[in-house]
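# Structural characterization, general
Take a look at the letters that make up each chain.
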Amino acid sequence: MAATIRRMWDTWSRTGSLFGTVDKRRLQHEIDTHKLFLLTSFQREATSGEIGVAEELTKLAEATPFEEQQRQVQEQVHGQIKKLSTVLDSILLKDPLPEIPSPPSEKKRPSGLFFALGRQPEPEAPPRANAIETKPLTREQVASAFREHTGFTLCLQRSGIPHEEAGTGLFIKGRAEPGTVVSMYPGVVYSPSQYRYIPGYPKVDVDNGYLISRYDGLVIDGKPWGKGDDIREWWDGHNGISFEQAAELTGPARQSLPSFWQFVGGGKVMQGPLEGAELERRSPIALGHFANHPPEGVHPNVMICPYTFSISGQQSMRAYIPNVMFGNDEEFDMQRRGPLWINEGKKERPEDPADTRLSTVERSEQPITLISDVHTLVLVTTREVDNEELFLNYRLSSYIQQPEWYHPVNVEEEKRRWD
């Protein structure tokens with residue numbers, strides 16, 4: 001079935017016959033979304049035991065509008081990540097989650113004009129709460145337990161690609177079906193107006209091979225994440241401290257927490273609230289930035305998929321989303337649509353009544369935190385993978401000098417992506 005889907009992909013990639021748009025970049029976006037719709041639908045059906053025929057899934061995809069395909073892909077990806085988060089909870093948490101009898105009192109949110117004038121809200125002392133305790137497990141122990149639950153895990157080792165610059169590669173131990181989310185791309189997320197803050201700007205890629213972009217222009221820098229760590233900590237893209245330490249800080253001490261913004265762009269400081277989060281650095285799937293481009297003649301076995309995680313009502317999953325936004329999503333929206341848009345037309349997301357978990361740091365940050373969405377990327381398998389190295393099509397722009405080791409997987413797709 002997966003082979004049949006791949007043959008159809010090849011036809012679409014060459015002709016774009018199913019898509020009416022004349023915008024080449026938009027066309028490639030639609031083709032990629034179409035592929036992801038088929039893959040994640042296949043994975044969902046295979047998991048439920050109701051495996052359909054590839055042609056039937058294809059007919060469904062052809063009849064489904066692009067925007068609806070995007071919505072369903074997001075929904076299916078989110079469902080997979082939620083299950084993986086539940087697995088990690090069962091491995092890492094010491095005790096059942098504490099019940100929170102009532103939500104914290106609602107605080108007045110700063111207006112868009114407040115930030116447009118370059119001002120910051122006055123920090124408030126965080127309320128006391130019981131921290132979520134995790135077991136003292138190493139990354140290797142977590143990865144081993146994760147495989148027992150899911151049938152696969154990821155590890156880093158010397159790449160099998162025969163060129164010197166290949167370095168470390170990303171490998172899957174175990175097996176995963178087509179359409180499975182096997183990894184997330186960690187790091188700091190920048191909007192287009194924030195590119196100048198990426199370390200090394202304007203030559204950001206000189207000493208950094210871990211940058212990747214989404215169709216909407218957001219760039220993720222995976223370099224600060226490294227290989228993770230043996231701890232759950234407050235992480236803001238630069239210096240991690242334990243969430244117990246962060247929770248003890250109040251007033252001026254909390255204000256002095258080193259924001260990642262103060263260490264980039266040649267020392268340029270961007271005013272705004274510190275955006276960080278209590279993140280699980282032992283997650284075995286937060287390693288997507290180590291996937292190599294395939295060698296000549298080899299097809300990629302994973303592809304990137306944009307994923308937006310909505311924090312509201314889902315704080316329990318936040319620790320497993322290995323990204324922080326440079327700034328906040330309201331700043332991003334304000335830059336795109338103007339400062340007066342900030343609260344216009346935004347819908348409050350209902351909280352999941354079963355999700356009563358708020359960690360110490362998340363509760364202490366709640367009065368002043370404006371981040372509501374985390375925009376990132378995940379890696380989805382394009383075929384069955386079984387104890388092998390994972391390869392991701394880098395699709396480097398033809399408008400820049402490409403390294404000697406780089407061989408385009410599909411020249412037409414590459415041109416459309418960057419036209």
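Note that the structure is a prediction, hence the values are computed from the model and not measured.

## Observations regarding the confidence of the model for the chain
Here the chain shows a mean pLDDT of 77. Residues at 70 or above account for 65%. Between residues 99-130, whose pLDDT stays under 50, and residues either more than four places distant or in other chains, the model counts 44 contacts. In this model, residues 251-274 is a region of pLDDT below 50 whose contacts with residues beyond four sequence positions or in other chains number 54 contacts.

## Here we look at the side chain of Ser159
Tracing the backbone through its elements, the reader meets Ser159 in the loop between β1 (152-158) and β2 (168-176). Using a relative accessible area of 7% as the deciding quantity, one classes Ser159 as buried. A polar contact is formed between the side chain of Ser159 and the side chain of Asn292, at a distance of 3.3 Å. Excluding its chain neighbours within four sequence positions, the residues that come into contact with Ser159 are Ala166, Gly167, Thr168, Gly169, Phe171, Asn292 and Glu389.

## Quick word on the environment of Lys83
Structurally, Lys83 can be placed in helix α4 (residues 66-92). Judged by relative accessible area, which is 57%, Lys83 ranks as exposed. Separated by 234 residues in sequence, Lys83 and Met317 have C-alpha atoms that sit 9.9 Å apart.

## Remarks on helix α6 (residues 139-150)
Taking 1.5 Å per residue, 12 residues should reach 16 Å; α6 reaches 16 Å between its end C-alpha atoms and fits that length. Buried residues of α6: Val142, Ala143, Ala145 and Phe146, and no others. Packed against the buried residues of α6 are α4 and β1. One or two steps after α6, the chain reaches Gly151, where phi turns positive at roughly 90°.

## Remarks on the sheet that holds strand β6 (residues 219-221)
The strand order across the open sheet built from 4 strands is β5-β6-β4-β11, with neighbouring strands paired in mixed fashion. Because the sheet does not close on itself, it has two edges, and the strands there are β5 (211-213) and β11 (323-325). On average, each strand axis in the sheet is tilted by 25° relative to the strand beside it, whichever way the strands run.

## Description of the sheet that holds strand β10 (residues 302-310)
The antiparallel open sheet is built from 3 strands, whose spatial order is β3-β12-β10. If you trace the sheet from one side to the other, it starts and ends with β3 (181-184) and β10, each paired once. Sheet twist, expressed as the average angle between the axes of neighbouring strands with direction ignored, equals 35°. Relative to strand β12 (residues 373-381), β3 runs antiparallel, the two being bridged by 3 bridges. Considered in β12, the bridge of Met184 is made with Val378.

## What to know about the pattern of salt bridges
For the coordinates displayed, the defined rule picks out 18 salt bridges. The partner of Arg44 in a salt bridge is Glu45, and the shortest N-O contact between them spans 3.2 Å. Given a relative accessible area of 34%, Arg44 falls into the partly exposed group. Taking the shortest distance from any N to any O, the salt bridge between Arg175 and Glu177 comes out at 2.9 Å. Connected through shared salt-bridge partners, Asp32, Lys35, Arg395 and Glu413 make up one network.

## Focus on the pairing of strand β4 (residues 187-190)
On a regular strand, each side chain points to the face opposite its neighbour's, so the side chains alternate between the two faces of the sheet. Bridge count between β4 and β11: 3 bridges; the pairing is parallel. Pairing of Gly187 across the sheet is with Asn323, part of β11. Here 3 bridges tie β4 to β6, and the two strands are oriented antiparallel to one another. Considered in β6, the bridge of Val188 is made with Asp221.

Definitions and cut-offs
Residues numbered from 1 in each chain as written. Predicted model: local features only at pLDDT ≥ 70, side-chain atom pairs only at ≥ 80, totals over all residues. Heavy atoms only, no water. pLDDT = per-residue confidence, 0-100. Contact = heavy atoms within 4.5 Å. Helix = DSSP H or I, 4+ residues; strand = E, 2+ residues; numbered from the N terminus. Buried < 20%, exposed > 50% of the residue type's maximum accessible area, 1.4 Å probe, protein only. Polar contact = N/O pair within 3.5 Å; in protein donor to acceptor, adjacent residues only side chain to side chain. Expected span 1.5 Å × (residues − 1). Pairing = 2+ DSSP bridges. Axes fitted to C-alpha atoms, helices over the stretch in contact; angles between N-to-C directions. Salt bridge = Lys/Arg side-chain N within 4 Å of Asp/Glu carboxyl O.

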